[in-house]
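The chain contents come next:
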Amino acid sequence: MSGEPLLSVRDLRVAFRDRSGAMAPAANLSVDVPANGSLAVVGESGSGKTVSMRALLGLLPATAVVSGEAHFGGRDLIGLPEPELRKVRGPGIGMIFQNAMSALNPTRTLKVQLTEHLRWHGSCDRKTAVRRAVEALDRVGIPEPDRRIRMYPFQLSGGMRQRAMIAMSIVAGPRLLIADEPTTAVDVTIQRQVLDVLKQLRDDGLAIIMITHDLGVARYFCDDVVVMKDGRMVETATMKRFIADAREPYSRKLLDAAPDIDLRVEPDQSPAPSDRNQLLQARDLVKVFHGRGGDVHAVDDVSVTVGANETVGVVGESGSGKSTLARLLMRLVEPSSGEVTFDGHDLLAARRSELHALRRRVQMVFQNPYGSLLPHATVAANIVEPLRVHHVGTPAQRRARAVELLELVGIPVHRADQYPRQFSGGQQQRIAIARALALEPQLLVCDEPTSALDVSIQAQILDLLDDLKHRLGLSMLFITHNLAVAQRLCDRVVVMASGHIVESAPSSQLFAQPQHPYTRALLAAALPVRSDPPPWQPATSIDTRSGELVEVTPQHWVRAATPVPEETP
Amino acid sequence: MLAYLARRLVRLILSLVAVSIITFGLLQLVPGSFSELAEAGTSELGGDASATDPALTERYGEQVPAWEQYLTFMRGLVTFDMGPSYRYPQSTVEELIIEAFPVSLSLAVPAMLLTLLIAVPVGVMAAVKKGKLADYGSVFTLTTLQALPGYLFALLLVLVFAVWLGMLPVRGWAGPEYLVIPVVALAVQPTAMLARYVRTSMLEELREDYVVAAQAKGGRRRVVLVRHVLRNSLIPLVTVAGPLFANLATGTVFIEALLGIPGLGRLFTTAARTRDMPLLMGTTLFFALIFLLMNLIVDMVYGLLDPRIRHQRSSGWRRPKPPRRLLATTSRGRGTPGHDAPDRSPAAPGDVEVARP
């Protein structure tokens with residue numbers, strides 16, 4: 001870190017001009033990035049992180065008004081004419097996006113997408129370009145790069161695709177990479193792989209600006225941090241100082257909201273109440289989807305129970321079958337085989353009217369609150385919809401119930417007649433929860449209810465669910481990919497992979513003494529904010545399919561080929 | 001690939017049979033037959049020769065039961081000998097169609113080309129200039145044109161170019177100059193529709209991150225638009241252009257009648273008006289065949305253009321494993337993407353990952 005910074009941004013201001021000509025400020029930023037440095041730009045959605053970074057490269061729509069200075073390689077990027085700026089994009093500064101599926105053109109091969117800009121810039125001929133592209137793919141750790149370069153993006157797995165996109169941005173040899181939430185859309189284990197690829201690039205001399213909302217990622221990867229809120233810079237600091245001693249209240253709020261897995265919890269030695277009333281019981285559930293490419297065993301031989309007043313977490317990466325499981329339990333999807341009983345009633349044998357009555361007692365909360373609310377109905381109408389379907393109460397009584405529920409979830413009652421789109425994402429999720437509670441269900445099935453929300457909102461929703469659980473005596477089946485969230489809320493956690501249960505244990509025990517290698521890999525891949533990340537080696541394939549579930553200690557079940565000895569910490 | 005094609009062809013034939021049964025059934029239900037109309041002396045039916053033609057009487061006479069008439073016709077369809085028409089007893093149904101089809105085709109091909117030549121650039125321009133005057137102006141014009149029936153537009157063209165300016169003939173079918181007015185009139189509505197479709201499709205693609213990604217690589221705006229955005233947004237256009245062309249090729253009743261063009265549309269209306277069973281069955285089935293073939297071609301072309309569809313299919317083709325049904329499977333679930341409606345949502349292509357080169 002000597003002398004001139006690689007990128008020096010001074011009083012960068014971005015505003016959007018609306019139709020009437022009024023200006024809406026979107027970002028204001030001043031930062032330095034040293035050569036080979038790494039800066040985290042942290043903030044919640046709408047804080048101006050992406051906008052300010054795109055403004056540097058002139059990638060905003062024409063309605064954006066950008067002012068200030070941004071010196072890179074001896075030139076001020078702001079106000080640089082388009083042809084000059086184009087020479088910086090690519091060979092000077094590369095960009096990585098959140099979703100590789102969208103950031104790579106689905107109908108062109110990697111070869112086209114990795115080489116075309118080398119020729120736009122006139123840096124080399126076709127043959128050299130292809131060679132450089134293969135090298136770039138190799139550098140980001142894609143095996144058999146000369147074969148894979150002929151593939152289309154959709155033929156690659158999620159992690160591979162993300163790496164291919166990184167390769168696309170480094171092939172022109174930039175000195176600075178702007179990574180816009182590069183790991184938000186991928187699973188934890190892949191997140192770690194992608195970050196390690198970026199770390200490798202840093203070791204090779206690149207500077208990286210990482211836009212992220214995940215403080216764990218920022219801490220793992222970056223030396224410096226900028227916190228943004230509502231377009232303004234709240235705090236800049238070195239990462240160490242920020243974690244230890246954030247100055248601004250907003251920064252501290254962000255840090256507090258970040259969920260961390262606590263691995264040092266003492267396993268709860270008091271025997272869990274095993275005489276709990278079993279509310280929901282599923283045995284040997286199987287769901288096979290018959291696709292064109294063959295059969296997919298989405299859920300294979302899964303048994304779960306949810307006791308009265310118990311919160312069970314189902315944790316797994318995408319494709320592990322956890323959402324399918326939730327739908328099977330509610331009989332929204334017919335299982336291929338197996339049985340489900342709810343409070344002694346056979347849910348799968350239930351006829352229409354009986355099923356109708358049973359469904360009253362089980363309600364669901366979805367990941368995307370806006371998608372799950374009726375957009376053309378008011379909030380009150382949305383909440384009373386289940387009451388209407390089940391013919392409960394008079395209109396006046398339903399209205400009173402809606403008001404009561406809004407108070408319960410903390411939405412101002414005077415907004416009952418507004419429409420869902422007028423609320424923020426967190427408020428929409430509260431409304432969805434209120435709707436799920438309208439019929440006073442015994443069991444709430446939550447499918448990733450906080451995954452689409454900002455961290456501080458996530459914390460609020462989790463608090464709300466925790467509070468409701470105790471006040472209303474709810475049972476809950478909580479599906480999440482986030483182990484920290486599961487630990488926060490759940491009494492018992494079931495870990496799923498490739499349609500199977502690999503481990504199931506009371507929360508305290510699972511996090512203190514994970515037994516299955518897959519569970520351990522998941523825990524190791526998570527990036528905590530408050531402590532150093534646990535050591536991690538890229539997991540070679542873990543067998544999550546074979547073996548039988550064995551009860552190693554009371555209520556702690558692990559999938560194992562041979563019975564695991566009692567004492568393996 | 002071949003298995004897929006074979007499956008599609010079998011379905012195509014089944015559809016044709018269904019169409020033939022429905023058409024024939026409707027004809028039986030509708031009151032009035034050709035002979036009744038002829039006896040009533042409806043003047044436009046041209047002669048009473050039909051009623052006495054021995055070949056016709058033998059095939060579709062009063063004494064022949066309806067199902068036998070149907071089978072006779074279908075047999076004629078397969079052996080390409082559909083026999084004479086009631087209205088035109090001196091020529092067979094297939095001759096009439098073969099005579100009229102080239103006329104309709106020679107209108108349809110230029111009309112289609114004209115449509116594409118105008119619609120694509122206009123749609124692209126409107127999308128690129130979204131929210132500006134050029135966008136509002138073109139969308140307004142297109143919507144107006146789409147609301148204007150083609151035959152009214154034809155009348156307008158006749159008035160201006162034939163009557164006032166005297167540059168083009170009013171009606172008839174005697175040379176290339178007779179093509180101009182019908183082709184333009186035919187192209188108006190499809191152009192408006194397609195241009196709006198291109199605009200929407202472009203706007204959808206422009207929202208994708210790969211556009212920003214390509215610009216962040218240092219691409220010129222124009223290069224990015226053509227190499228990535230336009231290319232991708234024209235793929236779904238195929239699904240619209242196919243049926244559109246089928247529509248044009250099967251003749252357009254109003255314009256053909258208005259401008260005195262001896263195309264398929266006119267043949268069909270004559271057949272319908274006179275309850276000319278063989279001719280009506282022949283033209284209807286021919287129309288159905290054209291539409292079904294166009295759909296098949298669209299699906300094949302779509303696969304060629306969009307690698308996602310191509311690989312999805314080829315993975316299906318390579319593993320023709322019959323679905324194994326377990327106990328309580330009543331729903332086939334989400335694992336079976338409809339092959340007719342390519343799912344272009346961002347989540348969808350995930351299912352396609354099984355493809356291998």
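Nothing here was measured: the structure is a model prediction, and the numbers come from that model.

Undergrad: Which residues make up the overall build of chain B, and what are the values?
TA: On a plain count of helices and strands, chain B comes out with 16 helices and 0 strands. Evaluated residue by residue, chain B yields a buried proportion of 44% over its 357 residues. Put simply, 75% of the contacts in chain B that link residues at least 6 apart link residues at least 24 apart. When the accessible surface of chain B is totalled, it reaches about 18,400 Å², and 67% of it is carbon and sulfur.

Undergrad: Describe the UniProt feature "transmembrane region" (unreviewed entry) in chain B, listing the residues and the values that go with them.
TA: Residues and elements named next belong to chain B. Per the UniProt record, the feature "transmembrane region" (unreviewed entry) sits at residues 12-30, 107-128, 148-167, 179-198, 234-259 and 279-305. Helix makes up 95% of residues 12-30 and strand 0%, and the two end C-alpha atoms of the span are 27 Å apart. A distance of 27 Å separates the end C-alpha atoms of residues 179-198, which is 95% helix and 0% strand.

Undergrad: Give a detailed account of the domain arrangement of chain A, specifying residues and quantitative values.
TA: Domain annotation of chain A identifies domain 1 (100-173) and domain 2 (280-369 + 380-559). Between the C-alpha centres of domain 1 of chain A and domain 2 of chain A the distance comes to 39 Å.

Undergrad: Can you explain the sheet that holds strand E21 (residues 548-553) of chain A? Please cite residues and give values.
TA: Residue and element names in this part refer to chain A. With respect to topology, 8 strands assemble into an open sheet ordered E16-E17-E18-E13-E19-E20-E22-E21, the strand pairing being mixed. Every interior strand has two partners, whereas the edge strands, strand E16 (362-365) and E21, have only one. In this sheet, neighbouring strand axes are inclined to one another by 20° on average, regardless of whether the strands run parallel or antiparallel. Packing of helix H12 (residues 322-329) onto the sheet brings it into contact with strand E13 (311-315), E16, strand E17 (443-447), strand E18 (475-480) and strand E19 (492-497), and relative to E18 it is tilted by some 150°. Its contacts with the sheet place helix H18 (residues 455-472) against E13, E17 and E18, and it is angled at close to 160° to E18.

Undergrad: Tell me about the packing of helix H15 (residues 379-389) of chain A against helix H17 (residues 425-437) of chain A, and please be specific about residues and values.
TA: Residue and element names in this part refer to chain A. Packing of H15 against H17 leaves a shortest axis separation of 7 Å and a crossing angle of 30°. The angle between the axes of H15 and H17 places the two elements in the roughly parallel class. The interaxial crossing formed by H15 with H17 has right-handed handedness. Between H15 and H17, the residues in contact are Val379, Asn382, Ile383 and Pro386 and Ile431, Ala434 and Arg435, respectively.

Undergrad: Tell me about the domain arrangement of chain B, and name the residues and values.
TA: Residues and elements named next belong to chain B. Domain parsing of chain B yields domain 1 (1-79) and domain 2 (93-309). Taken together, the contacts link 27 residues of domain 1 with 18 residues of domain 2. A buried area of about 2,000 Å², summed over both sides, lies between domain 1 and domain 2, and 83% of it is on carbon and sulfur atoms. For the interface between domain 1 and domain 2, the tally reads 1 salt bridge. Here Arg8 ties to Asp299 by a salt bridge, and the two come within 2.6 Å at their closest N and O atoms. Linking domain 1 with domain 2 are 1 residue pair in polar contact (both at pLDDT 80 or more). Where the side of domain 1 that touches domain 2 is concerned, the elements lending two or more residues are helix H1 (2-29), helix H2 (34-39) and helix H5 (66-78). Split into classes, the residues belonging to the side of domain 1 that touches domain 2 amount to 19 nonpolar, 6 polar and 2 charged.

Undergrad: So, the packing of aromatic side chains: which residues are in play, and what are the values?
TA: A complete count under the given rule lists 5 aromatic pairs over all chains for this structure. Between the aromatic rings of Phe101 of chain B and Phe286 of chain B, the centroid separation amounts to 5.0 Å while the plane-to-plane angle is 85°, which identifies the pairing as edge-to-face. Placement of Phe101 of chain B in helix H6 (residues 93-128) and of Phe286 of chain B in helix H15 (residues 277-305) is noted, with a sequence separation of 185 residues between them. The ring centre of Tyr250 of chain A lies 5.2 Å from the NZ or CZ of Lys229 of chain A, which sits over that ring. Over the face of the ring belonging to Phe423 of chain A we find Arg415 of chain A, whose NZ or CZ atom lies 4.0 Å from the ring centre.

The rules behind these values
- Residues numbered from 1 in each chain as written.
- Chains lettered and ligands numbered in written order.
- Predicted model: local features only at pLDDT ≥ 70, side-chain atom pairs only at ≥ 80, totals over all residues.
- Heavy atoms only, no water.
- Helix = DSSP H or I, 4+ residues; strand = E, 2+ residues; numbered from the N terminus.
- Buried < 20%, exposed > 50% of the residue type's maximum accessible area, 1.4 Å probe, protein only.
- Contact = heavy atoms within 4.5 Å.
- Areas by Shrake-Rupley, 256 points an atom, 1.4 Å probe, with all protein chains shown as cover.
- UniProt positions renumbered as here; feature names shortened; annotations may be inferred.
- Domains from an automatic or database assignment.
- Pairing = 2+ DSSP bridges.
- Axes fitted to C-alpha atoms, helices over the stretch in contact; angles between N-to-C directions.
- Parallel < 35°, antiparallel > 145°, perpendicular 65-115°, else oblique.
- Left-handed = near helix turned anticlockwise from the far one by under 90°.
- Buried area = accessible area lost by both parts, 1.4 Å probe.
- Salt bridge = Lys/Arg side-chain N within 4 Å of Asp/Glu carboxyl O.
- Polar contact = N/O pair within 3.5 Å; in protein donor to acceptor, adjacent residues only side chain to side chain.
- Nonpolar A, V, L, I, M, F, W, Y, C, P; charged D, E, K, R; others polar.
- Phe/Tyr/Trp six-rings, centres within 6.5 Å; stacked < 30°, edge-to-face > 60°.
- Lys NZ or Arg CZ within 6 Å of the ring centre and 35° of its normal.

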